[in-house]
Amino acid sequence: EGLRLAYALAERNFDANAVNRVIIATDGDFNVGINDPQQLQDFVSRKRETGIYLSVFGFGRGNYNDALMQRLAQNGNGVAAYIDTLNEARRVLRDEMASNMFTIANDVKIQVEFNPAQVAEYRLIGYETRMLRREDFNNDQVDAGEIGSGHSVTAIYEITPVGGRTFSDPLRYQQGARPASTAGELAFLRIRYKLPGEDASRLIERPITATDRVASIAAAPEYARFATAVAGYGQLLRGDPYLDRSYSWDDVISLAQGARGRDEFGWRAEFVQLARAAQTAAAMLPANNAQGGN
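Being a predicted model, the structure only gives us computed values, none of them experimental.

Reading the values: rules and limits
- Residues numbered from 1 in each chain as written.
- Predicted model: local features only at pLDDT ≥ 70, side-chain atom pairs only at ≥ 80, totals over all residues.
- Heavy atoms only, no water.
- Buried < 20%, exposed > 50% of the residue type's maximum accessible area, 1.4 Å probe, protein only.
- Helix = DSSP H or I, 4+ residues; strand = E, 2+ residues; numbered from the N terminus.
- Arc of directions from axis to C-beta.
- 1 Å grid on protein atoms, 1.4 Å probe; cavity = no way out; pocket = protein on both sides within 12 Å on 5 of 7 lines; lining within 4 Å.
- Points joined across faces, edges and corners; volume = space filled by probe spheres on them.
- Nonpolar A, V, L, I, M, F, W, Y, C, P; charged D, E, K, R; others polar.
- Polar contact = N/O pair within 3.5 Å; in protein donor to acceptor, adjacent residues only side chain to side chain.
- Contact = heavy atoms within 4.5 Å.
- Pairing = 2+ DSSP bridges.
- Axes fitted to C-alpha atoms, helices over the stretch in contact; angles between N-to-C directions.
- Phe/Tyr/Trp six-rings, centres within 6.5 Å; stacked < 30°, edge-to-face > 60°.
- Lys NZ or Arg CZ within 6 Å of the ring centre and 35° of its normal.
- Parallel < 35°, antiparallel > 145°, perpendicular 65-115°, else oblique.
- Core = buried A, V, L, I, M, F, W, Y, C linked by side-chain atoms within 4.5 Å.

The next subject is helix H1 (residues 2–12). Because each turn of an α-helix spans 3.6 residues, side chains separated by three or four positions end up pointing in the same direction. For H1, the set of buried residues is Leu3, Tyr7 and Ala10. With its buried residues spanning 65° around the axis, H1 presents them on a single face. Turned more than 90 degrees from where H1 packs its buried face, Gly2 and Arg12 sit exposed.

Structure (structure tokens):
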């Protein structure tokens, strides 16, 4: 009910030359008014058409509904963040205020097409809730994410070069010959976006070639190395079946430590401590299981 009233108030005071945004701070336990998750999602989807953005800040523990918070933010042209410490509040509400509040591009879509002459297999790590069908990329009626001022996005793909070990059998029907001009391309990148207030998207595209490669992970940019460490952390936590069995918590910690950089507010150092805590917990599980079996 509070969300409905907030949208009504924002609509009455709508200013085309200002930031029009509803900010909701909640544990996600909606118990007054609309409380069905699908109806809530439909509600914020309709309100998205008014040009009003949504920010969802999660608080609390126990009954906190993170999945619903993410769905509301994604369908309401908004952002979602969970605030459990003073440092996290400072990051979200002060240091990243501009990127969270001032949208510079709507319905941003990214499409990566890999060259089968160079790449045998690939997988996107993360973004499971943000996947689009191929035909939706050119459809300006399909909603996508927003980008704020100073905001950056990192997408990580794992690829198997042609000739490397693959997880699946080769396809029976391959596409025909490709132009010689594409032989050196690893992939082709396309980005669509709309400027705020516009209905038609704009397109950016360029090939990804060997000049974009680095010789090793150690030579990769700092942000890429740290993001890769976080991705490895997540895969270890959920027991990803595609993760190399030799990859360990020590690899995550070592990679993250080498990519901490300036780390003025200690966020990356905090991640390293989380990885160490997870490593300790993982080492205790076999002992606990053995004790329970006895």
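Bringing the layout of surface pockets into the picture now. The gaps left among the atoms become clear once a water-sized probe is rolled over them. Estimates place the volume of the second largest pocket at around 650 Å³. Lining the second largest pocket are 27 residues, and of these Gly51, Tyr53, Asn77, Asn106 and Gly197 lie nearest its centre. Element by element, the count of residues in the lining of the second largest pocket is highest for strand E4 (residues 103–114), at 3 residues. Residues that form the lining of the second largest pocket fall into these classes: 9 nonpolar, 8 polar and 10 charged.

On to the side chain of asparagine 20, then. By the element assignment, asparagine 20 lies in the loop between H1 and strand E1 (21–26). A distance of 2.7 Å separates a polar atom in the side chain of asparagine 20 from the backbone oxygen of aspartate 15. Those residues within four positions of asparagine 20 in sequence are excluded, and the remaining contacts are Asn13, Phe14, Asp15, Gly51, Ile52 and Tyr53.

Moving on, we come to empty space enclosed by the protein. In the structure shown here, the tally under the stated rule is 1 cavity of 30 Å³ or more. Taken as a whole, the largest cavity holds about 70 Å³ of empty space. Every residue lining the largest cavity is listed: Arg21, Tyr53, Asn77, Gly78, Val79, Ser99, Asn100, Thr103, Glu146, Ile147, Gly148 and His151. Looking at the lining of the largest cavity, the elements with two or more residues in it are strand E3 (78–82), helix H5 (97–101) and strand E6 (145–148). If one sorts the elements of the lining of the largest cavity by residue count, E6 sits on top with 3 residues.

Attention shifts here to the sheet that holds strand E9 (residues 202–209). With respect to topology, 4 strands assemble into an open sheet ordered E6-E4-E8-E9, the strand pairing being antiparallel. The open sheet has two free edges, formed respectively by E6 and E9, since each of these has just one partner strand. The average angle at which neighbouring strand axes cross in this sheet is 35°, direction not considered. Judged from the 8 bridges that link them, strand E8 (residues 185–194) and E9 form a sheet pairing that is antiparallel. Directly across from alanine 187, in E9, lies its bridge partner isoleucine 208.

Here we come to the packing of aromatic side chains. Within the structure shown, the criterion is met by 8 aromatic pairs. Here the aromatic rings of phenylalanine 114 and tyrosine 157 are separated by 5.3 Å at their centres, their planes lie at 70°, and the arrangement is edge-to-face. With phenylalanine 114 in strand E4 and tyrosine 157 in strand E7 (residues 156–161), the pair connects residues that are 43 residues apart, well separated along the chain. Owing to a relative accessible area of 16%, phenylalanine 114 belongs among the buried residues under this scheme. Joined through ring pairs, the aromatic side chains of Phe226, Tyr233, Trp249 and Phe271 make up one cluster. Over the ring of tryptophan 267 we find arginine 91, and its NZ or CZ is 5.9 Å from the ring centre. Directly above the ring of phenylalanine 226 sits arginine 268, whose terminal nitrogen or CZ lies 4.5 Å from the centroid.

Let's shift gears to the environment of threonine 166. Here threonine 166 is to be found in the loop between E7 and E8. In contact with threonine 166, other than residues within four places in its own chain, are Ala120, Glu121 and Thr160.

Moving on, we come to the packing of H1 against helix H2 (residues 37–48). The interhelical angle for the contact between H1 and H2, taken along N-to-C directions, is 5°, at an axis separation of 12 Å. Considered as vectors, H1 and H2 are oriented roughly parallel to each other. For the pair formed by H1 and H2, the contact residues are Leu3, Arg4, Tyr7 and Glu11 on the first element and Phe43, Val44 and Lys47 on the second. Looking at side-chain class alone, the contact of H1 with H2 contains 4 nonpolar, no polar and 3 charged residues.

Below, the discussion takes up the nonpolar core. Residues Leu3, Tyr7, Val22, Val44, Leu54, Val56 and Leu72 are the most contacted members of the largest nonpolar core, which totals 16 residues. Every element with two or more residues in this core is listed here: H1, E1, H2, strand E2 (53–58) and helix H3 (66–75). Take this core: its biggest share by element is 4 residues, from H3. Apart from the residues within four sequence positions on either side, tyrosine 7 is in contact with Val22, Phe43, Val44, Lys47, Ile52, Leu54 and Gly76. With 13 residues, the next largest nonpolar core counts Val252, Ile253, Leu255 and Ala259 among its residues.

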